Structures are given as C-alpha cells and as structure tokens.
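Single-letter residue listing:
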Amino acid sequence: MDSNDVLVVVEIRSVHDPEALKAYQTGARQQIAEYGASVIARGGTTLEGAPAFGPLMVQRWPSEAAFRTWQSSENYRPLRAIREASADLRIAVIPLV
C-alpha cells in the first residue's frame with residue numbers, strides 16, 4: 001500500500017435509467033483500471049440506526065490526483081454524461097491512514 005492511496009466511496013442516491021447506469025458502470029470499471037484503480041466492495045447493510053444511504057461502491061485509487069485526473073479526462077467525458085443522466089450519486093474521497 002502506497003501512502004497516497006485513497007478510497008473513493010460512491011453512494012447511489014437514486015437511479016433514473018437502470019440500463020444506462022449499467023452501461024456507465026461497465027465503462028467506468030474498464031477505464032479506472034487504466035488509472036491503477038479497482039472496485040473493492042459493493043453493496044452495504046446498515047447495522048445501527050435508520051438506513052441513511054443508498055447502495056455503496058468502494059474503489060481503491062493510487063492517489064486522489066489519479067482519481068481527479070480520470071474525472072477530468074476527455075476519455076471519461078462521455079461516461080460522465082451517461083452517469084449524470086442515469087443516476088444521482090454522492091462521491092467521497094477518503095485517504096488511507
């Protein structure tokens with residue numbers, strides 16, 4: 001583990017077009033591998049309190065800079081449009097300690 005590694009946690013708050021979201025997820029998984037990232041967990045169950053989140057997906061990235069570079073890349077732009085039209089997401093970057 002590199003000290004720059006981060007986790008990116010994605011919460012799917014709502015889905016407007018399930019088929020388009022599946023296409024986005026497939027394309028995104030392929031692209032993030034090119035940046036040294038991978039999906040390490042999906043799902044999630046509330047153990048205490050009322051459920052306060054939608055389905056979660058956790059990615060491991062070599063750095064926050066790598067994640068931001070992908071997010072702003074020309075290669076990602078068409079996927080971003082699909083994502084924005086198909087679902088409402090919340091994304092957090094968490095540094096590993």
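Worth saying up front: this structure is predicted, and the values here are computed from it rather than measured. (Residues numbered from 1 in each chain as written. Predicted model: local features only at pLDDT ≥ 70, side-chain atom pairs only at ≥ 80, totals over all residues. Heavy atoms only, no water.)

A.B. asks: Help me out: how do you make sense of the packing of aromatic side chains in this one?
C.D. replies: Aromatic rings in a pair are described by how distant their centres are and how their planes are angled relative to each other. On inspection of all chains with the given rule, the structure shows six aromatic pairs. With centroids separated by 6.3 Å and ring planes inclined at 65°, the aromatic side chains of Tyr24 and Tyr76 adopt a geometry described as edge-to-face. In this pair, Tyr24 sits in helix H1 (residues 18-34) while Tyr76 sits in the loop between helix H2 (64-71) and helix H3 (77-86), placing the two residues 52 residues apart along the sequence. For the residue pair Tyr24 and Tyr76, the accessibility class agrees, reading buried in each case. Ring plane angle 75° and centroid distance 5.3 Å describe the contact between Trp61 and Phe67, whose orientation is recorded as edge-to-face. The class of Trp61 is buried, set by a relative accessible area of 1%. Judged by its relative accessible area of 7%, Phe67 falls in the buried class. Following the ring pairs from residue to residue traces out a cluster consisting of Tyr24, Tyr35, Trp61, Phe67, Trp70 and Tyr76. (Phe/Tyr/Trp six-rings, centres within 6.5 Å; stacked < 30°, edge-to-face > 60°. Helix = DSSP H or I, 4+ residues; strand = E, 2+ residues; numbered from the N terminus. Buried < 20%, exposed > 50% of the residue type's maximum accessible area, 1.4 Å probe, protein only.)

A.B. asks: Help me out: how do you make sense of H3 in this one?
C.D. replies: Along an α-helix, residues three or four positions apart point the same way, because every turn accommodates 3.6 residues. Within H3, burial applies to Leu79, Arg83 and Ser86. Seen along its axis, H3 keeps its buried residues to an arc of 80°; they face one direction. In H3, the exposed positions that point more than 90 degrees away from the buried face belong to Arg77 and Ala85. The secondary structure elements touched by the buried residues of H3 are strand S1 (6-15), H1, H2 and strand S4 (87-95). (Arc of directions from axis to C-beta. Contact = heavy atoms within 4.5 Å.)

A.B. asks: Would you mind showing me how to read the side chain of Gln31 here?
C.D. replies: Here Gln31 shows up in helix H1. We classify Gln31 as buried; its relative accessible area is 9%. In this structure the side chain of Gln31 is engaged in a polar contact, spanning 3.1 Å, whose partner is the backbone oxygen of Asn75. (Polar contact = N/O pair within 3.5 Å; in protein donor to acceptor, adjacent residues only side chain to side chain.)

A.B. asks: What's the story with the packing of H1 against H3 in this structure? I'm lost.
C.D. replies: Packed helices, taken two at a time, are described by their axes: the angle between them and the distance between them. Packing of H1 against H3 leaves a shortest axis separation of 9 Å and a crossing angle of 145°. Every pair of crossing elements has a handedness; the one defined by H1 and H3 is left-handed. Residues Ala20, Leu21, Ala23, Tyr24, Gly27, Ala28 and Gln31 of H1 lie in contact with H3, whose contacting residues are Leu79, Ile82, Arg83 and Ser86. Within the contact of H1 with H3, the residues separate by chemical class into seven nonpolar, three polar and one charged. (Axes fitted to C-alpha atoms, helices over the stretch in contact; angles between N-to-C directions. Left-handed = near helix turned anticlockwise from the far one by under 90°. Nonpolar A, V, L, I, M, F, W, Y, C, P; charged D, E, K, R; others polar.)

A.B. asks: I'm lost on the sheet that holds S1 in this one. Help?
C.D. replies: The pairing of strands in a sheet comes from backbone hydrogen bonds and takes either a parallel or an antiparallel form. The sheet built from four strands is open, its strands ordered S2-S3-S1-S4 with antiparallel pairing. Single-partner strands in this sheet number two, and they are strand S2 (38-43) and S4. Within this sheet the neighbouring strands show an average axis-to-axis angle of 20°, counted without direction. The strands that H2 touches are S1, strand S3 (56-61) and S4; relative to S3, the one it contacts most, it runs at about 110°. (Pairing = 2+ DSSP bridges.)

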